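Listed below are the residues making up each chain.
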Amino acid sequence: MAAANAPIAMREALTLTSLGIAPQFVTFTHVTMESDRYICVRETSPQNSVVIIDMAMPSQPLRRPITADSALMNPNTRILALKAQIAGTTQDHLQIFNIEAKTKVKSHQMPEQVVFWKWITPKLLGLVTQTSVYHWSIEGDSEPTKMFDRTANLANNQIINYRCDPAEKWLVLIGIAPGAPERPQLVKGNMQLFSVDQQRSQALEAHAASFATFKVPGNENPSTLICFASKATNAGQITSKLHVIELGAQPGKPGFSKKQADLFFPPDFQDDFPVAMQISQKYGLVYVITKLGLLFVYDLETAAAVYRNRISPDPIFLTAESSTTGGFYAINRRGQVLHATVNDATVVPFVSGQLNNLELAVNLAKRANLPGAENLVVQRFQELFSQTKYKEAAELAAESPQGLLRTPETVAKFQSVPVQAGQTPPLLQYFGTLLTRGKLNAYESLELSRLVVNQNKKNLLENWLAEDKLECSEELGDLVKTVDNDLALKIYIKARATPKVVAAFAERREFDKILIYSKQVGYTPDYLFLLQTILRTDPQGAVNFALMMSQMEGGCPLDYNTITDLFLQRNMIREATAFLLDVLKPNLEEHAFLQTKVLEINLVTYPNVADAILANGMFSHYDRPRIAQLCEKAGLYLRALQHYAELPDIKRVIVNTHAIEPQALVEFFGTLSKEWALECMKDLLLVNLRGNLQIVVQAAKEYSEQLGVDGCIKLFEQFKSYEGLYFFLGSYLSSSEDPDIHFKYIESAARTGQIKEVERVTRESNFYDAEKTKNFLMEAKLPDARPLINVCDRFGFVPDLTHYLYTNNMLRYIEGYVQKVNPGNAPLVVGQLLDDECPEDFIKGLILSVRSLLPVEPLVDECEKRNRLRLLTQFLEHLVSEGSQDVHVHNALGKIIIDTGSYT
């Protein structure tokens, strides 16, 4: 038949000679291939070397100068095992190297020669000597462990293979020996099968053998099978057989029935014999390869012949499983590396058409999920269904190749079967069968879940999902969401129903997960819709989500203004503010509009928030005139003042002192020019002199240097505000020597009733105009004459003082002045009192109250000038009586006596 329709496809993967391997090294003793990953060739000329061919890149072989009798590459990794006989002995030195790490893994010196060795697992080397078989693990420091002794049938045999089953419970050793004397060219094959558990061997005739696992219906545990092929002469007759036998049958469990089949060698191949066997677990096929290049293909389950063909014109000496394709590699003496694979498109039609083995065709299609048996499978399903063999029909549907029967129609067919009382519904039988076979498809998963949801058996769903038995879909998530939101979310995620996943995260308020998930799956959500959805139920969550969007790589997917408007449409002022305050932190000029907006909305609704924002000083690009107007309207007059730039606006706002913190307003004056500040101060006094005076005074005091003292004085004088002058000048007085300022302070203090302060300044200051001050105080007619006394006493206005006090009937101040302030000026006081025609009794009393403290001479002069010397008679006599020796006393008294003629 045409090669294109053949069930097995052959191709040349590579030729060893094209890679520089000499033909003399293409032999069983020089070439090893432990798996489909590496080929290892040992060369002995022109120099000793080992060539490693990586099948993933065969054109780049690795050649290393190594001397060894044998070299094996590990089946999975770049680990090389080397064997070399120790010179002069029968011992072998074994070494294992990690090529990548360039390190020695371990080594061992065998006491006897190793005649054959092989990697039986990626971690275990099988070592065969002339008498025994050992296992050597590459892990740890362990030495080779003896497994069993060789049986007699293998004596003097060339060992060509050694294998173990996947569980390492069964071991098989294969050897060949020269044929019988009557037909020596037909090589004899011998096999030793060893049970690790039973520690027992069995000797059989076989040229090739391999282990396999097979799942017998009704037994959940797979069976271990051994397949072996033999060709022998018996009574002159040649018999060639393939045997398939179960090892270690499981008590009480269905077992595998022993199978055998003939190997049909063509007449030209009578002396040919099997040299290798590979088993494809993927297809359930047994490949028997002979020395002369024949390939026999058998079904593992039935031992039915599938195909026979010559695949190589040259002898084949080595094969290896191709685990990824379900085929095998074979190397012939020409150096060809042949790759045999199953032709998926033709193998089932070949079996059903050419071999007319419909049952095998169906089984093969089911087993390997192959096309070509659709009509047969459907026909068989219909037959089983019509015979009410629902269990068998369910099994066939479950195993139908390429899911042929895994359809909604099949589910509907099982649904349509009436349920018999006390029996499991056929639909559940079907689903149960599917679950034991593997994973349900989307439709099956949905229908089964519908059943368990209706029965309130959510735990079954959880178990199936955990075991990955259900194919997740958006529809399944929708169904499960009616009973469990968390489980539904897991389904949506597995189904990559991204919009539903996003919506579920939104419902759960896990907004950060929305962004993380969307980035992971490369999805762009409808952020506007999402934000609107979140806003309806979770305003704060909406703020958080909006802020997360603003921090996304590549920028926020929504315009900040759009986000803000979404909040404002729902009158969510606080939320809009929280969002804007966060995103506008960088204070960029491009955000001027949004800075204005956040201030606007708060000035209208929450002025205190706007005030706090402005106080924070975080923005500098907003519309200041607009914000000034809104601040004024909201009653935030200080903020309005800080934002207005025109004097009329400032003057209009500044008079609202009832709503402005005084100290803040005073500080504001410091930001104005001299002219504007004085204008504003004038307006304040004009609107409410008493109410605003302290603010104006404080501002004048704080900024007197900038405003000018004269300007401030004129301002207060303009409004005749002596109180303002008093407070203003009071802070300035100590540092000033200006007579006018000192006078104005005295004047303002006097006019505001601050008599004690007038008295203090008139007593302490050296800078006021004495004449002007005296005149002012006399005009002011203060109830307390001490300030006037200070001025007149200090600056020689005692007569004026005496006249003022006498004419204003302030006699006690005259007494006080003479007695306590300055008795030395008593003569001037007495002289002025005489001029003012003061009663003599008051004058006499005044003089006598001072007595000895009075300077006699000037007193006598003042009285004598006015011809009133006699007024002093009593005073002088009193002094004489006290023993006064003052010449002026005696002279004055003498004059009085002469004038009055009263002498003896």
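Owing to the predicted nature of the structure, the values given are computational and were not obtained by experimental measurement.

**Quick notes on the sheet that holds strand β22 (residues 274–280)**
If you trace the 4 strands from one edge of the open sheet to the other, you get β22-β23-β24-β25, paired in antiparallel fashion. Only two strands of the sheet have a single partner each, and these edge strands are β22 and β25 (305–310). With direction set aside, neighbouring strand axes in the sheet form an average angle of 15°.

**Some words on empty space enclosed by the protein**
Taken as a whole and assessed by the stated rule, the structure comprises 1 cavity of 30 Å³ or more. Its boundaries defined by the atoms lining it, the largest cavity holds a volume of some 40 Å³. Taken together, the residues of the lining of the largest cavity sort by class into 6 nonpolar, no polar and 1 charged.

**Quick notes on the packing of helix α5 (residues 408–415) against helix α7 (residues 442–454)**
With their axes 9 Å apart at the nearest point, α5 and α7 run at an angle of 30° to one another. By the angle between their axes, α5 is roughly parallel relative to α7. Residues P408, V411 and Q415 of α5 form the contact with α7, whose own contacting residues are Y443, E444 and E447. Here the contact of α5 with α7 is composed, by residue class, of 3 nonpolar, 1 polar and 2 charged.

**Some details on the packing of aromatic side chains**
In total, this model carries 21 aromatic pairs according to the counting rule given. The interplanar angle of 40° and the centroid separation of 6.0 Å between the aromatic rings of F716 and F728 together place this pair among those described as tilted. Of this pair, F716 sits in helix α26 (residues 709–718) while F728 sits in helix α27 (residues 722–732), and the two are 12 residues apart along the sequence. Judged by relative accessible area, F716 falls into the buried class, the value being 0%. The class of F728 is buried, set by a relative accessible area of 1%. Feature note: the residues F381, F385, Y390, F414, Y430 and F431 constitute an aromatic cluster, connected by ring pairs. The lysine or arginine in question, K413, covers the ring of F385, its NZ or CZ lying 5.0 Å from the ring centre.

**Considerations on the pairing of strand β4 (residues 49–54)**
Here β4 lies mainly inside the structure; 6 of its 6 residues are buried. Of the two faces of β4, the one lined by S49, V51 and I53 and the one lined by V50, I52 and D54 are each fully buried. Pairing geometry for strand β3 (residues 38–43) and β4, over 6 bridges, is antiparallel. The residue of β4 that forms the bridge with I39 is I53. Turn length for the β3-β4 hairpin, with the two strands adjacent in sequence and antiparallel, is 5 residues. Of the strand pairs in this sheet, β4 and strand β5 (residues 62–64) are connected by 3 bridges, and their pairing is antiparallel.

**Looking at the environment of L295**
Looking at where L295 falls in the secondary structure, it is placed in strand β24 (residues 294–299). We classify L295 as buried; its relative accessible area is 0%. Along the primary structure L295 and Y307 are separated by 12 residues, whereas in three dimensions their C-alpha atoms are 7.9 Å apart. Not counting the four nearest positions on each side in its chain, L295 is found in contact with I8, Y287, V288, I289, Y307, R308, N309, I311 and F328.

**Brief notes about unusual backbone geometry**
When glycine is set aside, most residues are seen to have a negative phi, and most peptide bonds are trans. In this chain, S45 is followed by P46 through a cis amide linkage whose omega measures 0°. Checked against the element boundaries, P46 lands in the loop between β3 and β4. The phi dihedral of N156 is positive, around 60°, even though this residue is not glycine. Structurally, N156 is set in the loop between β13 (145–149) and β14 (158–164). Located in the positive-phi region is A303, a residue other than glycine, with phi close to 60°. Tracing the backbone through its elements, the reader meets A303 in the loop between β24 and β25. Relative accessible area serves as the criterion here: at 5%, A303 is assigned to the buried category.

**Let's talk about the UniProt feature "domain: Clathrin heavy chain linker core motif" (unreviewed entry) in the chain**
Under the present numbering, the feature "domain: Clathrin heavy chain linker core motif" (unreviewed entry) in UniProt falls on residues 344–367. With 75% helix and 0% strand, the stretch residues 344–367 has end C-alpha atoms that lie 12 Å from each other.

**Topic: the UniProt feature "repeat: CHCR" (unreviewed entry) in the chain**
Per the UniProt annotation, the sites labelled "repeat: CHCR" (unreviewed entry) are residues 551–697, 700–842 and 847–904. In this annotation, residues 551–697 is assigned 69% helix and 0% strand; the end-to-end C-alpha distance for the span is 52 Å. Overall, residues 700–842 shows 74% helix and 0% strand. The separation of its end C-alpha atoms is 51 Å.

**Regarding the nonpolar core**
Core analysis: the largest hydrophobic core is formed by 230 residues, its most contacted members being F545, F669 and F716. Those residues within four positions of F545 in sequence are excluded, and the remaining contacts are F511, I514, L515, Y527, L530, L531 and I534. Formed by 23 residues, the second largest nonpolar core is a distinct cluster that contains A212, A229, A261 and M277.

**Remarks on the pattern of salt bridges**
Pairing between side chains of opposite charge can happen when their charged atoms approach one another. According to the stated counting rule, one finds 50 salt bridges in the structure shown. The partner of R406 in a salt bridge is E444, and the shortest N-O contact between them spans 2.6 Å. With R406 in the loop between α4 (390–399) and α5 and E444 in helix α7, this residue pair connects regions lying 38 residues apart in the sequence. Like R406, the residue E444 is buried in the burial classification. Residues E723 and R690 are paired through a salt bridge, measuring 3.5 Å at the closest nitrogen-oxygen approach. In this pair, E723 is assigned in helix α27 and R690 in helix α24 (residues 689–702), connecting sequence segments 33 residues apart. The exposure class of E723 is partly exposed, given its relative accessible area of 25%. We classify R690 as exposed; its relative accessible area is 68%. Several salt bridges converge on common partners, so that one network encompasses E757, E759, R760, R763 and E764.

**Some thoughts on the layout of surface pockets**
The rolling of a water-molecule-sized probe over the atoms marks out the regions of remaining empty space. Looking at the second largest pocket, its volume works out to about 1400 Å³. Lining the second largest pocket we find 37 residues, and of these P217, N363, K366, E399 and R437 sit closest to its centre. Here the lining of the second largest pocket takes 7 residues from helix α2 (residues 358–368), the largest share from any one element. By residue class, the composition of the lining of the second largest pocket is 12 nonpolar, 11 polar and 14 charged. Both domains that furnish three or more residues to the lining of the second largest pocket are identified here as domain 1 (8–67 + 150–359) and domain 2 (372–438).

**Quick look at the sheet that holds β4**
In spatial order, the strands read β2-β3-β4-β5; together these 4 strands make up an open sheet with antiparallel pairing. Each of the sheet's edge strands pairs with one partner strand only, and the pair in question is β2 (31–32) and β5.

**Observations concerning helix α6 (residues 426–437)**
Taking 1.5 Å of rise per residue, 12 residues should cover 16 Å, and α6 covers 17 Å from first to last C-alpha, within 8% of that figure. When α6 is considered as a whole, its buried residues turn out to be P426, L427, Y430, F431, T433, L434 and L435. Residues of α6 that are buried make contact with α4, α5, α7 and α8 (458–466). At the C-terminal side of α6, G438 shows a positive phi close to 155°.

**Digging into the domain arrangement of the chain**
As assigned here, the chain comprises domain 1 (8–67 + 150–359), domain 2 (372–438) and domain 3 (825–903). Distance from the C-alpha centre of domain 1 to the C-alpha centre of domain 2: 38 Å.

**Quick word on helix α23 (residues 674–687)**
The terminal C-alpha atoms of α23, which comprises 14 residues, lie 20 Å apart, in line with the 20 Å expected from a rise of 1.5 Å per residue. Taken together, the buried positions of α23 are occupied by A677, L678, C680, M681, D683, L684 and L685.

**Looking at the side chain of T564**
Among the secondary structure elements, T564 is positioned in helix α15 (residues 560–569). Residue T564 is classed as buried on the basis of its relative accessible area, which comes to 0%. Once residues within four sequence positions are removed from consideration, T564 is found in contact with A576, F579, L580, L594 and K597.

Each value, and the rule that gives it
Residues numbered from 1 in each chain as written. Predicted model: local features only at pLDDT ≥ 70, side-chain atom pairs only at ≥ 80, totals over all residues. Heavy atoms only, no water. Pairing = 2+ DSSP bridges. Helix = DSSP H or I, 4+ residues; strand = E, 2+ residues; numbered from the N terminus. Axes fitted to C-alpha atoms, helices over the stretch in contact; angles between N-to-C directions. 1 Å grid on protein atoms, 1.4 Å probe; cavity = no way out; pocket = protein on both sides within 12 Å on 5 of 7 lines; lining within 4 Å. Points joined across faces, edges and corners; volume = space filled by probe spheres on them. Nonpolar A, V, L, I, M, F, W, Y, C, P; charged D, E, K, R; others polar. Parallel < 35°, antiparallel > 145°, perpendicular 65-115°, else oblique. Contact = heavy atoms within 4.5 Å. Phe/Tyr/Trp six-rings, centres within 6.5 Å; stacked < 30°, edge-to-face > 60°. Buried < 20%, exposed > 50% of the residue type's maximum accessible area, 1.4 Å probe, protein only. Lys NZ or Arg CZ within 6 Å of the ring centre and 35° of its normal. UniProt positions renumbered as here; feature names shortened; annotations may be inferred. Core = buried A, V, L, I, M, F, W, Y, C linked by side-chain atoms within 4.5 Å. Salt bridge = Lys/Arg side-chain N within 4 Å of Asp/Glu carboxyl O. Domains from an automatic or database assignment. Expected span 1.5 Å × (residues − 1).

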